[in-house]
2 protein chains.
Amino acid sequence: MDFVFSDRMKNMNGTATREIFKLLGNPEIISFAGGNPAIECLPTERVKEITGDICASPDFARVLQYGLTAGFPELRELLCKYVETAGIYGAKVENVLVISGGQQGIDLALKAFINPGDVILVEDPTYLAFLQLANSYEGVCKGVKANDDGLDLEDLEEKIKKYSPKMLYCVPTFSNPTGKTYSDANRRAIAEMTAKYGVMVIEDDPYSKLRFKGEYVPSMKSYDKAGNVIFISSFSKIISPGNRTGVAVADPAVIRKMEIGKQGTDLHTPNLSQMITYEYLRRGYLKPDLEKAVEIYGRKKGAMSAAINKYMPEEFICTDPDGGLFIWGKLPERIDTVKLLPEAIARKVAYIQGSVFFADGSGTNYIRLNYSYADIARIEEGIARLAELFKEKLAK
Amino acid sequence: MDFVFSDRMKNMNGTATREIFKLLGNPEIISFAGGNPAIECLPTERVKEITGDICASPDFARVLQYGLTAGFPELRELLCKYVETAGIYGAKVENVLVISGGQQGIDLALKAFINPGDVILVEDPTYLAFLQLANSYEGVCKGVKANDDGLDLEDLEEKIKKYSPKMLYCVPTFSNPTGKTYSDANRRAIAEMTAKYGVMVIEDDPYSKLRFKGEYVPSMKSYDKAGNVIFISSFSKIISPGNRTGVAVADPAVIRKMEIGKQGTDLHTPNLSQMITYEYLRRGYLKPDLEKAVEIYGRKKGAMSAAINKYMPEEFICTDPDGGLFIWGKLPERIDTVKLLPEAIARKVAYIQGSVFFADGSGTNYIRLNYSYADIARIEEGIARLAELFKEKLAK
């Protein structure tokens, strides 16, 4: 049978990170490709303890039965308080949706708003899986310029006027892939401008808790007076990616549409996943565990920066993030990181080619490097291998 | 801000079962509305034991990290064998996708194939959440007549010729909502006819293991020579709905597209959910537990049939299923079960109005009754309350 797939699938070939993930069964490959948190930063013992307690509870049968689509009521209530850590005050249960990881929140927001052909503005470069998801709704992504302060506000306004976009997507804190953070003033200005023009915003915030340097900046959602910002956060980087939980905060009318969308997607997030996240937060484990984790991430990032300084050719320019999981590197334009990737993998080191983060597929001279997953000795070794490859190519 | 939601959301107001589920916090209401398995049939102690063992395993950190989108390799391998219980032989890993419940499998199949305006044939009546999901992809559902043997093959062929549908959706064993089962010959004929005309089929099979009477019938997928049947099964009714796991079996090209779709939906099913299902199957718990469960379901169904005979007015006609979770009842056409539902709830008994199961919203004189959830004493009491209400209305 010749399968006639839907139009939305035509440009979908699997995200680069997910596809490369499959190769990484080979432990010889040093991977800077994924977005995996460090195994040693995941609260294995805490989750064991919590899971054991849930099993021992007289209420356990409830875990096995169907749950509400919007999430466990206790968890939703607790999340109203939790999001205060992002500067969001006064959230009520109807503002909050439990999601099966941040990715699902983005998917549901697009499902609720995007018709084929609708324009979505994104920072150039942006999270590659967002571009894939936008494709799956046949949205049209247009890149907005960024500077050290965040989005280039002039370019943003120009693009809003030019394209009448339905939505803006951004990762304002420790952006994926660049690791950069928008300033407080920039967030406020974006919130005001998008409200003025009636543009919805997805504020994707998986990384802000992973700050090892610099000052806390409140979320863009905290400046949202019009109700146009959908704040999406994930517990994947701070509790467990394998547990698949996250939270969306938005106007009740938006949350309701996302809830209806979720009825179709997975009915509800698995109960055990929700209860683990609930108990982890309720027991106050996040704060002390985060302190340890960010110390480790800071050291790993430091190790990668040091290795870059030591080994990389001087033509390699990169960001110096205060948190998150990624360094973003630039090579001279004649270096094509897409073509080089198989050679890198042959040398047992993996990165993500920068072009997958650009709305128009440009940026073939960039790479994204993850420093959270590999251990420090392997970070140095991996950067040395990559540097050797780049130097060879630059010498040609 | 005035929210301009996407076109696909315009006809989506939450499925009747999910919405009514919210009312059922009130324990005074006897609910025949949901599709919940009986709490006493869920393997609470087994899942406790398994979860404890997973926590104790030296491998536990792996549970917390990201997993592959297509599912745990061990689970996929085991599922290749598991689907032999549905008559599907020779499935390889690339034919199998782990899904977050059967609902997600349906969603991903639609995502892979349906463009706005594509026609999907469904049995009339059919699973209400399917109609909702089809709506979310702006598919157009057209009902096919059914008879005691399954789908009316003449009507099916006529509708295929008339509408050139992209897809047929059906629940051939213990259909939701009717509880009926397609005959072996009917399945084979549907598989052949859809292959001939190049129509994809979603065979939704959440209930076939819950047979308390009659003979096993192999799946429609077992007669699929062209690769056009997508078989979707769920562990929600036989292990745990709250655990959200299921399996899709299809041609590798179709599974691949569904996997890419799943990258966007939830990246992967939570690891702990997958491992619980894996261990439950691997340890051979399903067969003995099912024997006990179907005995209970058989008794509950018997109790509901007996209560119907005892209390219901003779104008009430209903099905007599050999398994599954539902009885489907018909009243004279002047009785509108949509309008009656609030009165039923006021009398502390809930059903699902039949109209939500019809592609065209007709069938306002039908109701679906679930017999798995309430205990036997409450089944009798609930049917008595409903019967009283119907008799009053019929007397007017």
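All residue numbers here refer to positions counted from 1 along the written sequence of the relevant chain. As a convention, the first chain written is A and the first ligand written is 1, with the rest following in written order. pLDDT decides what is reported in this predicted model: residues at 70 or higher carry local features, side-chain atom pairs at 80 or more are listed and counted, and totals for whole chains, interfaces and linings draw on all residues regardless. Side-chain metrics in this entry use all non-hydrogen atoms of the structure; hydrogen atoms and water are not considered.

### Overview of the environment of B:Ser100
Line of reasoning, step 1. A helix here means a DSSP run of H or I that spans at least four residues, while a strand means a run of E at least two residues long, and both kinds are numbered starting from the N terminus. The topology assignment puts B:Ser100 in the loop between β2 (96–99) and α5 (102–113).
Line of reasoning, step 2. Every residue in contact with B:Ser100, bar those within four places of it in the chain, is listed here: A:Asp266, B:Arg244, B:Thr245, B:Lys262, B:Asp266 and B:Thr269.
Line of reasoning, step 3. The term polar contact refers here to a pair of N or O atoms within 3.5 Å; inside protein, the definition further demands a hydrogen-donor-capable atom paired with an acceptor-capable atom, and it admits residues adjacent in sequence only when both atoms are side-chain atoms. Of note is the side chain of B:Ser100, whose polar atom sits 3.3 Å from the side chain of B:Lys262.
Line of reasoning, step 4. A polar contact is formed between the side chain of B:Ser100 and the side chain of B:Thr269, at a distance of 2.8 Å. Note on contacts: a residue pair is in contact if any heavy atoms of the two residues lie within 4.5 Å.

### Examining the relation of the copies chain A and chain B
One copy of the chain maps onto the second through a rotation about an axis and a displacement along it.
Line of reasoning, step 1. The fit set for superposing copies consists of C-alpha atoms from residues with pLDDT of at least 70 in both; the fit itself is least squares. Least-squares fitting of chain A to chain B yields an RMSD of 0.0 Å, with the superposition described by an axial translation of 0.0 Å and a rotation of 180°. When the rotation and shift are considered jointly, the pair of chain copies conforms to a two-fold rotation axis. For chain A, the minimum C-alpha distance to the rotation axis belongs to A:Gly52 and amounts to 3.2 Å.
Line of reasoning, step 2. With an isologous cut-off of 70% or more, the 100% of interface residues of chain A that recur at the interface of chain B puts this contact in the isologous class.

### Quick look at the confidence of the model for chain A
Line of reasoning, step 1. pLDDT expresses, on a scale from 0 to 100, how confident the predictor is about each individual residue. The predicted model of chain A averages 94 in pLDDT, with 97% of residues at 70 or higher.
Line of reasoning, step 2. As a predicted assembly, this complex carries a pTM of 0.95 together with an ipTM value of 0.94.

### A closer look at the packing of aromatic side chains
Line of reasoning, step 1. Only Phe, Tyr and Trp rings take part, Trp by its six-membered ring, and two of them pair if their centres are within 6.5 Å. Stacked means planes under 30 degrees apart, edge-to-face means over 60, and tilted covers everything else. Tallied over the full model, the rule gives 28 aromatic pairs over all chains.
Line of reasoning, step 2. For the pair A:Phe316 and A:Phe390, a centre-to-centre distance of 6.3 Å together with 15° between the ring planes defines the contact as stacked. Pair noted here: A:Phe316 is in the loop between α11 (286–311) and β11 (317–318) and A:Phe390 is in helix α13 (residues 376–395), with a separation of 74 residues, a long-range link. For the pair shown, A:Phe316 and A:Phe390 are each scored as buried.
Line of reasoning, step 3. Judged by centre distance (3.8 Å) and plane angle (5°), the ring pair of B:Phe130 and B:Tyr169 falls under stacked. One end of the pair, B:Phe130, is in helix α6 (residues 128–136); the other, B:Tyr169, is in strand β7 (residues 167–170), and 39 residues separate them in sequence. Per residue, the accessibility class of B:Phe130 equals that of B:Tyr169, and both read buried.
Line of reasoning, step 4. Taken together, the ring pairs connect A:Trp328, A:Phe357, A:Phe358 and A:Tyr366 into an aromatic cluster.
Line of reasoning, step 5. Just above the ring of A:Phe326 sits the side chain of A:Arg368; from NZ or CZ to the centre is 3.8 Å. For the exposure calls, accessible area comes from a 1.4 Å probe over protein chains only, and a residue counts as buried if that area is under 20% of its type's maximum, exposed if over 50%, partly exposed in between. Counted as over-ring charges are cases with an Arg CZ or a Lys NZ within 6 Å of the ring centre that also lie within 35 degrees of the ring normal.

### Quick word on the interface of chain A and chain B
Line of reasoning, step 1. Taken together, the 87 residues of chain A in the interface contact 88 residues of chain B.
Line of reasoning, step 2. When the two sides are added together, the surface that chain A and chain B hide from each other amounts to roughly 7200 Å², 61% of it contributed by carbon and sulfur.
Line of reasoning, step 3. Salt bridges are defined as contacts in which a side-chain nitrogen from Lys or Arg sits within 4 Å of a carboxyl oxygen from Asp or Glu. In this assembly, chain A and chain B are joined by zero salt bridges.
Line of reasoning, step 4. Here chain A is connected to chain B by 28 residue pairs in polar contact (both at pLDDT 80 or more). Simply put, the buried area is the total loss of 1.4 Å probe accessible area from both parts when two parts are fitted together.

### As for the packing of α11(A) against α13(A)
All names here are of chain A.
Line of reasoning, step 1. A fitted line through C-alpha atoms represents every axis, and for helices the fit uses only the stretch in contact; the resulting angles, taken between N-to-C directions, go from 0 to 180 degrees. Where α11 contacts α13, the axes come no closer than 9 Å and their chain directions differ by 30°. Classified by the interaxial angle, the pair formed by α11 and α13 is roughly parallel. The two elements α11 and α13 meet at a crossing, and its hand is right-handed. Contact residues: α11 offers Arg 299, Lys 300, Ala 303, Met 304, Ala 307, Ile 308, Lys 310 and Tyr 311, while α13 offers Ile 376, Ile 379, Glu 380, Ile 383, Ala 384, Ala 387 and Lys 391.
Line of reasoning, step 2. In this count, Pro and Cys sit with the nonpolar residues alongside Ala, Val, Leu, Ile, Met, Phe, Trp and Tyr, while Asp, Glu, Lys and Arg are called charged and the others, Gly among them, polar. Broken down by class, the residue content of the contact of α11 with α13 amounts to 10 nonpolar, no polar and five charged. Reported orientations rely on four angle classes, namely roughly parallel under 35 degrees, roughly antiparallel over 145, roughly perpendicular from 65 to 115, and oblique for the rest. Crossings are assigned a handedness: left-handed for a near helix turned anticlockwise from the far helix by less than a right angle, right-handed for a clockwise turn.

### Points about unusual backbone geometry
Line of reasoning, step 1. For the bond running from A:Asp124 to A:Pro125, omega is 0°, close enough to zero to count as cis.
Line of reasoning, step 2. Relative to the helices and strands, A:Pro125 is located in the loop between β3 (119–123) and α6 (128–136).
Line of reasoning, step 3. Unlike most non-glycine residues, A:Ser164 shows phi in positive territory, near 40°.
Line of reasoning, step 4. At B:Glu138, a residue that is not glycine, the phi angle is positive and equals roughly 55°.
Line of reasoning, step 5. Position of B:Glu138 relative to the elements: it lies in the loop between α6 and β4 (140–144).

### Some points on the pairing of strand β9 (residues 229–234) of chain A
Residues and elements named next belong to chain A.
Line of reasoning, step 1. Most of β9 sits out of view: six of its six residues are buried.
Line of reasoning, step 2. Both faces of β9 are covered, namely the face carrying Val 229, Phe 231 and Ser 233 and the face carrying Ile 230, Ile 232 and Ser 234.
Line of reasoning, step 3. One requirement defines pairing of two strands: DSSP has to find at least two bridges between them. Across five bridges, the pairing between strand β8 (residues 200–205) and β9 is parallel. If you follow Asp 204 over to β9, its bridge partner there is Ile 232.
Line of reasoning, step 4. Bridging between β9 and strand β10 (residues 246–249) involves four bridges; their strand directions are antiparallel. Bridge pairing in β10 links Phe 231 to Val 249.

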